[in-house]
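As a plain string of letters, each chain reads:
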Amino acid sequence: MVEPSDHRILVTGARGQIGSDLVTRLRELYGQDSVIASDVQGQGDVPSPFLHLDVLDQLGLHQAISEHSITTIYNLAAILSAHGEKDPDLCERVNLGGLQNVLDASREYGCRVFSPSSIAVFGPDSRPVAKQETPLNPTTKYGFTKKEGEKMMLKYWEDYGVDARGIRYPGLLSWKTLPTGGTTDFAVEVFSKIQAEGEYTFFVREDTKLPMMMMEDAIRATLLLMEAPGHSLSRWRSGYNVRGMTFSAAELADAIKRRIPSAEMRYVPDSRQKIADSWPQDLDDSFARLEWGWKSTYDLESMVVAMLEGFA
Ligand code: NAD
Ligand code: SER
């Protein structure tokens, strides 16, 4: 078993919404120098150590793993749903080509891998509540890459023993780094705009209901899964459903208005509506609860309080 001090971690896509919170938490747990943040973007305000690394650069990835004696990779580099529908080729290259590079390098260097999946693996036939074993019939390119990514990770585990694990994250809510390029972004944007300008126009209809989760819970789920003994994980190891909460845009707006009565919110759906309509409204996460003890802590009301404070 690897002791905490032996952890040498590489995080790809570290400048994104999840990476900026996950790197901080991993550094609290394992030490600043044991966690190498990396991204195809420049360092920005991410504290060192930081590497400029494109997951499509196979050689660069091998060099990073070898030079820093990496034992675990958190592969967060990706193109999200709305961006992916606009540039499907890039979405496939990064989400599948990048993942394959990470898995190939992990096979060579014996690294463990965490790479997220998404509620986007499901299609319209999964509504309203997607179970773990509900058939995966995504209608977006992003969802296709996540479905194929889960299969690829399972294959690398079964055929080559690469310890690859993943979670089907719902839409994630945080205030440190704003989400971009996703469909669930409205559930974060509304807090930022209401606190800054007092008004927000949702890009989805008011009855749009999707699974969501606070970032704090998502990071706890990630670490819980990575700490779980391998023997407790089943064939779902590369894509567990995890439930946080579910609400419609109108229910979110009501919860905000109860706290800020002057807030003005409207609904003008755009092309992202079609993506939202193809995803489940809620998830059954029985397998994650049973196999590695998952339980969320936030509900709609406590989330709204935390998000309003975060953006105040
Ligand atoms: P994000 O878009 O905020 O961040 C992705 C990061 O990847 C960005 O910093 C980007 O610069 C980087 N990147 C893009 N192409 C790259 C490349 N070729 N090489 C290296 N880096 C590259 O995304 P996120 O929200 O942090 O998501 C991380 C992972 O979690 C993704 O796999 C995503 O599909 C999954 N996920 C996120 C959510 C969510 O609500 N945020 C929900 C479900 C699943
Ligand atoms: N939050 C992500 C998106 O909207 C779901 O994977 O793309």
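Residues numbered from 1 in each chain as written. Chains lettered and ligands numbered in written order. Predicted model: local features only at pLDDT ≥ 70, side-chain atom pairs only at ≥ 80, totals over all residues. Heavy atoms only, no water.

## Here's the deal with the sheet that holds strand 3 (residues 50–52)
Heads up, the condition is: Only strands that DSSP links by at least two bridges are regarded as paired with each other. Helix numbers and strand numbers start at the N terminus; a helix is a DSSP run of H or I with at least 4 residues, a strand a run of E with at least 2. A contact between two residues is defined here by any heavy atoms of the two lying within 4.5 Å. What counts as an axis is a line fitted to C-alpha atoms, over the stretch in contact for a helix, and the angles between N-to-C directions run from 0 to 180 degrees.
Strand order in the open sheet made by the six strands is 3-2-1-4-5-8, with parallel pairing throughout. The strands lining the two open edges of the sheet, one partner per strand, are strand 3 and strand 8 (164–165). Bridging between strand 4 (residues 72–75) and strand 5 (residues 112–114) involves three bridges; their strand directions are parallel. What sits directly across from Thr 72, in strand 5, is Arg 112. On the sheet, helix 1 (residues 17–30) packs against strand 1 (9–12), strand 2 (35–39) and strand 4 and is oriented at approximately 165° with respect to strand 2.

## Thoughts on the nonpolar core
So the rule is basically this: For our purposes a nonpolar core is just a set of buried Ala, Val, Leu, Ile, Met, Phe, Trp, Tyr and Cys residues, chained together by side-chain atoms within 4.5 Å. Buried means the residue's accessible area, taken with a 1.4 Å probe over protein chains only, is under 20% of the maximum for its type, while exposed means over 50%, and partly exposed covers the values in between.
One finds Phe 186, Phe 191, Phe 202, Leu 252 and Met 303 to be the most contacted residues of the largest nonpolar core, which totals 67 residues. Beyond its immediate chain neighbours, meaning those up to four positions away, Leu 252 contacts Ala 187, Val 190, Phe 191, Phe 202, Phe 247, Leu 300, Met 303 and Val 304. Grouped together as the second largest cluster of nonpolar side chains are 34 residues, Tyr 74, Leu 76, Met 215 and Ala 288 included.

## Focus on the sheet that holds strand 9 (residues 167–169)
Spatially, the three strands line up as an open sheet ordered 6-9-13, and their pairing is parallel. Pairing within the sheet leaves two strands with one partner each, and these edge strands are strand 6 (117–118) and strand 13 (240–241).

## Here's the deal with the packing of helix 1 against helix 7 (residues 215–227)
Note the cut-off: Each angle gets one of four labels, with under 35 degrees taken as roughly parallel, over 145 as roughly antiparallel, 65 to 115 as roughly perpendicular, and the rest as oblique. The sense of a crossing depends on the near helix, which, turned anticlockwise from the far helix by less than a right angle, makes the crossing left-handed and, turned clockwise, makes it right-handed.
Where helix 1 meets helix 7, the closest approach of the two axes is 10 Å, and the angle between their N-to-C directions is 55°. One finds that helix 1 runs oblique with respect to helix 7. As helix 1 packs across helix 7, the resulting crossing turns out to be right-handed. Contact with helix 1, carried on its side by Gln 17, Ile 18, Asp 21, Leu 22, Arg 25, Leu 26, Leu 29 and Tyr 30, involves Met 215, Ile 219, Leu 223 and Glu 227 of helix 7 and no other residues of that element.

## Structural notes on unusual backbone geometry
Here the amide bond leading from Ser 48 into Pro 49 is cis, since omega sits at 0°, within 30 degrees of zero. Omega for the peptide link from Arg 127 to Pro 128 comes to 5°, which places this bond in the cis form. Mapped onto the elements, Pro 128 comes out in the loop between strand 6 and strand 7 (129–130). Unusually for a residue other than glycine, Ser 69 sits at a positive phi of about 45°. As for its placement among the helices and strands, Ser 69 is situated in the loop between helix 2 (58–67) and strand 4.

So far we have only geometry, and geometry alone does not tell us how the molecule works.
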